[in-house]
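# Close look at the chain arrangement
Letter by letter, the chains look like this.
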Amino acid sequence: MLGDEEDVFDSVTWESPSAPYHADHTVQPSGPGFKQSTAGTEDERDPVKELAETKDAYVSYLVSAKTNLPIFSTPTPSSRRRFQDFVFLRDHLVKDFPACVVPALPDKHRLEYLTGDRFSPEFMERRRLDLHRFLERISRHPTLQRSTLVRAFFESTEWHVHMHQHLAHPPGPEPTPGLIDNISDTLLNAFARVRKPDERFLDMRESVDKFEDGLVVCERLWNRVRGRTNGGGLAPGEDLTADYHDLAVAVQGLGFLESGITDPLSHFSNTLLEFSALLRHKTQTTTDPFLVHLHSLLTYSHANRAVLKLRDQKQLDFEELSDYLSGVTQERDRLSAVISGHAGSTGLGLSAYLKDKVDSLRGADDDRSRVEKMRKLDVKIKELQDAVTTAHETSDAFSDETLREQTIFQYTKEAEMKEMLGNLADGEIEFYQSAMEEWERIIPIIQRIRVDV
């Protein structure tokens, strides 16, 4: 975490198509140990469609940031990147920082509210917002924001060269097969459970479960609200926006029949049309972005869950290695007892008895072969002791880092929920204020209708 208040990754900005949704992202968090602002100024230009007339066409985005972190060569780094570059960045941050919660990228094709192809302005704008949110999460993280890969992503003019260099020479030592990699898969398997769970991480997992369950319920309910308001495959008569449009047409028809109040009915019909348009606008500018952000927060929580699961695996590695060491030590002690003539005092079980009989049939039950086995077991015990010590240190270090990550994730989650719910409230307020203005304008017109008795 940042200990120096002068280190600020102030913002992530984009050049993009016009953004009708939340042009002002002003959030001024005061996170755990680092100074951060996600206020961004967005330019109103289209992303560039590269190689437009070929089958290899793609969209590139101009991303930029404001920072005084010393790792950057300029306070305003910028570069143009395509979606595959974001994929490379994310995949290698996960590999380079396994204990960090690296946010997920938006699903490549999960924009079900949109029509048109991936080069349509609406698709590109939604994609831009999702990628912007991804970079904001990276920039909030006190470790990831200092990554040399993140620096190159923002400011390198030879990004492809940097990618190849990163693949050829990844940061940190090359992973080498350790003793734990040579143990049978029957010993370490995906279904094993930690035998001595840490209560702190059990509470965290329970909290994550409840948080994700709440997000799933919210997403399902808001999808239902969206469907009832603006279609979405519902049966005829269940689309509120279309119903108001049809009602406006019906009222317009009445106006042609009622010659005395044709003009008021025409105004009333126009008000209904305006209200229908407001409902559609609210769906596009408030409901859809809210649903996208909600799902993005859910995938971010999945990334946090993956780190908790990896921490459990580190502890499980230590426990399984400890058991393996215990078994090898017992075998070594058994052989020592047999050689010294005190085998009965070791409490041999059926498996040890059968093993002795098999060795006897093979002609390998003499003291010389037992001494050779003991020598090999002593070497193996030494290797296992070193491996157990390393696994214990790794497990403890990973647990400490996971605790720090939970603090960072909790802060980011709260900041995003504040932003997400604030944007939703602003959108709803704007909708209802505009609706009230429309209906208030029609009231004097309706009141001017004369009813003769």
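Here the structure is a predicted model, which means the values were calculated and not measured.

Moving on, we come to the overall build of the protein. Per the secondary structure count, the protein includes 9 helices and 5 strands. Residues counted as buried form 43% of the 453 residues belonging to the protein. If you take every contact in the protein between residues at least 6 apart in sequence, the share linking residues at least 24 apart comes to 79%.

Right, let's talk about the nonpolar core for a bit. If you look at the biggest cluster of nonpolar residues, it comprises 27 residues, and the most contacted ones within it are Phe86, Leu89, Leu135, Phe153 and Phe154. Contributions of two or more residues to this core are made by strand E4 (58–67), helix H1 (83–96), helix H2 (121–140), helix H3 (148–155) and helix H4 (159–168).

On to the pattern of salt bridges. Working definition: two side chains of opposite charge can pair if their charged atoms are close together. Following the criterion strictly, the structure yields 19 salt bridges and no others. Between Arg332 and Asp378 there is a salt bridge, with the nearest N and O atoms lying 2.8 Å from each other. Of this pair, Arg332 sits in helix H7 (residues 262–340) while Asp378 sits in helix H9 (residues 367–447), placing them 46 residues apart in sequence. On the basis of relative accessible area, Arg332 is assigned to the partly exposed category, the value being 23%. Linked by salt bridges that have partners in common, Arg137, Arg140 and Glu416 make up one network.

Of all 10 residues in E4, 7 are buried; the element is thus mostly enclosed. Bridge count between E4 and strand E5 (residues 78–82): 5 bridges; the pairing is antiparallel. Each bridged residue has a counterpart across the sheet, and for Val63 the counterpart in E5 is Ser79.

Let us now look at the packing of H1 against H3. For any two helices packed against each other, one specifies the crossing angle of their axes together with the interaxial distance. At a minimum axis separation of 10 Å, H1 and H3 run at an interaxial angle of 170 degrees. The pairing of H1 with H3 is recorded here as roughly antiparallel in orientation. For the pair H1 and H3, the crossing hand works out as left-handed. The residues of H3 that touch H1, namely those facing Asp85, Phe86, Phe88, Leu89, His92, Leu93 and Asp96, are Leu149, Val150 and Phe153.

Taken as a whole and judged by the stated rule, the model has 13 aromatic pairs. Taking the centre distance of 6.3 Å and the plane angle of 65 degrees together, the rings of Phe86 and Phe134 count as edge-to-face. Taken together, the positions of Phe86 in helix H1 and Phe134 in helix H2 put the pair 48 residues apart, joining distant regions of the chain. Plain terms: the ring middles of Phe275 and Trp439 are 6.0 Å apart, the flat faces sit at 55 degrees to each other, and that makes the pair tilted. Linking Phe275 in helix H7 with Trp439 in helix H9, this pair joins segments that are 164 residues apart in sequence. Residue classification places Phe275 among the buried positions, given a relative accessible area of 12%. Grouping aromatic residues by their ring pairs yields a cluster made of Phe72, Phe86, Phe88, Phe134, Phe153, Phe154 and Trp159. Here Lys282 stacks its cationic end above the ring of Phe431, 5.2 Å away from the centre of that ring. The side chain of Arg311 reaches across the aromatic face of Phe201, ending 4.0 Å from its centre.

Relative orientation of the contacting elements H3 and H4 amounts to 160 degrees, with a least axis distance of 9 Å. Judged by the inter-axis angle, H3 sits roughly antiparallel to H4. Between H3 and H4 the crossing geometry is left-handed. Across the interface between the two elements, Thr148, Leu149, Ala152 and Phe153 from H3 touch Trp159, His162 and His166 from H4. Residues that form the contact of H3 with H4 fall into these classes: 4 nonpolar, 3 polar and no charged.

As a further point, take the environment of Gln252. Its location among the elements puts Gln252 in helix H6 (residues 240–257). Among the residues examined, Gln252 registers a relative accessible area of 25% and is labelled partly exposed. Placed 17 residues apart in sequence, Gln252 and Ser269 show a C-alpha to C-alpha distance of 5.6 Å. What Gln252 contacts, discounting residues up to four positions off in sequence, is Ser266 and Ser269.

Attention now goes to the confidence of the model for the protein. When pLDDT is averaged along the protein, the result is 78; 72% of the residues meet or exceed 70. Across residues 1–6, confidence stays below pLDDT 50; counting only partners more than four residues off in sequence or on other chains, it has 15 contacts. Within the model, the stretch residues 111–116 combines pLDDT values under 50 with 13 contacts to residues more than four positions away or in other chains.

Rules used in this analysis
Residues numbered from 1 in each chain as written. Predicted model: local features only at pLDDT ≥ 70, side-chain atom pairs only at ≥ 80, totals over all residues. Heavy atoms only, no water. Helix = DSSP H or I, 4+ residues; strand = E, 2+ residues; numbered from the N terminus. Buried < 20%, exposed > 50% of the residue type's maximum accessible area, 1.4 Å probe, protein only. Contact = heavy atoms within 4.5 Å. Core = buried A, V, L, I, M, F, W, Y, C linked by side-chain atoms within 4.5 Å. Salt bridge = Lys/Arg side-chain N within 4 Å of Asp/Glu carboxyl O. Pairing = 2+ DSSP bridges. Axes fitted to C-alpha atoms, helices over the stretch in contact; angles between N-to-C directions. Parallel < 35°, antiparallel > 145°, perpendicular 65-115°, else oblique. Left-handed = near helix turned anticlockwise from the far one by under 90°. Phe/Tyr/Trp six-rings, centres within 6.5 Å; stacked < 30°, edge-to-face > 60°. Lys NZ or Arg CZ within 6 Å of the ring centre and 35° of its normal. Nonpolar A, V, L, I, M, F, W, Y, C, P; charged D, E, K, R; others polar. pLDDT = per-residue confidence, 0-100.

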